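Each chain is listed here by its residues.
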Amino acid sequence: MNLAFVVHRYSPSEGTGGYVVRLVERLAVEHDITVYAAERGVDVPAGVRFVRVPAVRRPASATILTFPLGFALRRKRHDLVHAQGWVTGRADVVTAHIVMRAWLNAIAGSGAPRALGERLVGPAVAANEVDLFKTARTVIAPSRGAAQNILDLGIDAAKVHVVPHGFPQPWYPDQAASRAVLGLPAGPLALFAGDARKNLHVVLEALSLVPETHLVVSSFSDRTYWLDRATRMGVSSRVHWLGAQQFINMALAAADLLVHPTPYDTFGLVIAEAMAAGRPAIATRAAGITELYGQEAGWILPSANASALADAWRSALDPAQRGARGDTARAVAATRPWEAVVATTLAVYGSLR
């Protein structure tokens with residue numbers, strides 16, 4: 001099968017890009033694949049074609065607006081085009097890594113700061129996304145919650161398929177060695193990873209209520225804004241900002257647990273990575289991945305609330321509790337390797353031929 005994957009950036013360090021990397025690595029063995037992207041963080045596998053899409057890369061809103069035209073200029077004929085969200089106006093398969101209307105509603109009610117570009121272009125992108133979902137032959141939702149978000153847009157239920165992402169099975173380095181390399185302190189340490197708008201302000205407030213622990217942040221968000229905020233809250237001495245990491249393995253190995261009280265995630269790949277490392281997560285029901293496990297594998301909050309988060313965080317300071325949930329998390333992760341995702345995705349492709 002001649003397949004095209006379309007994504008802003010082909011890289012394992014990002015949720016959407018990592019999804020494509022993992023599918024392409026496995027599908028390239030038997031299929032003819034072309035990857036269209038504006039950038040790549042790693043090389044494509046042998047035999048896979050990489051086509052660079054011309055797009056304005058900064059700010060992010062400019063990429064969102066210019067990428068579809070750039071792809072149209074480079075696009076060739078393929079049996080199936082698999083788009084990662086609204087990266088084109090026409091695709092056979094779309095994976096909804098985000099449902100923009102649901103995200104905009106969630107972030108508006110979260111109290112997190114909103115980027116100017118998102119405020120300006122978000123509604124237009126949401127409208128274009130609906131059109132893409134309607135014209136695509138099928139839409140893949142990473143969770144039942146995401147599928148419902150899509151159905152709420154008036155999309156035909158017959159073409160919406162729930163295919164949860166997989167869990168990685170990588171090697172993780174030693175905790176003490178990881179902390180030494182990253183310059184992190186001994187003692188209780190939690191990790192926040194990803195877009196700071198996913199309630200980092202709630203995490204900082206909870207940190208002020210749990211004085212016996214430190215927080216490490218791996219994020220591409222504006223460190224100046226967030227470290228200033230941590231200073232105003234009196235917790236800056238316990239916040240260690242790593243910035244965005246190409247691979248999250250070392251940060252996860254250094255930490256004792258993940259804090260991810262997101263207002264919205266169709267899945268939550270960073271939680272999957274934490275679970276594979278045996279690091280339980282404090283997450284919210286807004287993360288679609290929580291449909292796959294229960295409280296015995298982590299702490300699941302109804303919503304992002306600093307007091308509730310702090311209570312769970314204190315529980316996680318108990319090595320016995322943390323260890324038991326971490327072991328269960330790792331066991332859950334082992335039940336869904338990426339090979340299972342590939343098999344289900346191929347079945348979706350096959351239904352369209």
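Report on the accompanying structure. (Residues numbered from 1 in each chain as written. Predicted model: local features only at pLDDT ≥ 70, side-chain atom pairs only at ≥ 80, totals over all residues. Heavy atoms only, no water.)

**A look at the nonpolar core**
Thought 1: In terms of nonpolar packing, the biggest core is built from 60 residues, with Tyr10, Ile271 and Met275 touching the most fellow members.
Thought 2: It is helix H10 (residues 269-276) that provides the largest number of residues to this core, a total of seven residues.
Thought 3: In this structure methionine 275 touches Phe167, Ile289, Tyr293, Ala297, Ala329, Arg330, Val332 and Ala333, once residues within four positions along its chain are discounted. (Core = buried A, V, L, I, M, F, W, Y, C linked by side-chain atoms within 4.5 Å. Buried < 20%, exposed > 50% of the residue type's maximum accessible area, 1.4 Å probe, protein only. Helix = DSSP H or I, 4+ residues; strand = E, 2+ residues; numbered from the N terminus. Contact = heavy atoms within 4.5 Å.)

**What to know about the packing of aromatic side chains**
Thought 1: One pass over the structure, following the stated rule, counts four aromatic pairs.
Thought 2: Ring geometry for tyrosine 225 against tryptophan 226: centres 5.0 Å apart, planes inclined by 85°, an arrangement best described as edge-to-face.
Thought 3: The lysine or arginine in question, arginine 40, covers the ring of phenylalanine 50, its NZ or CZ lying 4.5 Å from the ring centre. (Phe/Tyr/Trp six-rings, centres within 6.5 Å; stacked < 30°, edge-to-face > 60°. Lys NZ or Arg CZ within 6 Å of the ring centre and 35° of its normal.)

**A look at the sheet that holds strand E9 (residues 160-162)**
Thought 1: Ordered in space as E5-E3-E1-E6-E7-E8-E9, the seven strands form an open sheet in which the pairing is parallel. Two strands bound the open sheet, and with one partner strand each, they are strand E5 (49-52) and E9. In this sheet, adjacent strand axes meet at a mean angle of 20° when their direction is disregarded.
Thought 2: Where strand E3 (residues 32-37) lies against E5, four bridges are found, and the strand directions are parallel. Residue pairing for E5: valine 35 is matched across the bridge by phenylalanine 50.
Thought 3: Relative to E3, helix H2 (residues 60-74) is tilted by about 140°, and along the sheet it contacts strand E1 (2-6), E3, E5 and strand E6 (80-84).
Thought 4: Across the sheet, helix H13 (residues 338-351) touches E1, E6, strand E7 (93-95), strand E8 (138-141) and E9, and the angle it forms with E6 is around 130°. (Pairing = 2+ DSSP bridges. Axes fitted to C-alpha atoms, helices over the stretch in contact; angles between N-to-C directions.)

**Observations concerning the side chain of aspartate 265**
Thought 1: By the secondary structure assignment, aspartate 265 is in the loop between strand E13 (257-260) and H10.
Thought 2: Polar contacts involving the side chain of aspartate 265 include one to the side chain of lysine 198, which spans 2.6 Å. (Polar contact = N/O pair within 3.5 Å; in protein donor to acceptor, adjacent residues only side chain to side chain.)

**Some points on helix H1 (residues 15-27)**
Quick reminder: α-helices carry 3.6 residues per turn. Residues three or four places apart thus point the same way.
Thought 1: When the terminal C-alpha atoms of H1 are compared, their 18 Å separation across 13 residues agrees well with the 18 Å that a helix rising 1.5 Å per residue should span.
Thought 2: Every buried residue of H1 is accounted for by Gly17, Gly18, Tyr19, Val20, Val21, Arg22, Leu23, Val24 and Leu27. (Expected span 1.5 Å × (residues − 1).)

**With respect to the sheet that holds strand E14 (residues 281-284)**
Thought 1: Pairing is parallel across the open sheet formed by six strands, whose spatial order is E12-E11-E10-E13-E14-E15. The two strands at the open ends of the sheet, each matched to only one other strand, are strand E12 (239-241) and strand E15 (299-301). Averaged over all adjacent pairs, the angle separating strand axes in this sheet is 25°, with direction ignored.
Thought 2: With three bridges joining them, E14 and E15 adopt parallel strand pairing. The residue bridging isoleucine 282 from the neighbouring strand is tryptophan 299, located in E15.

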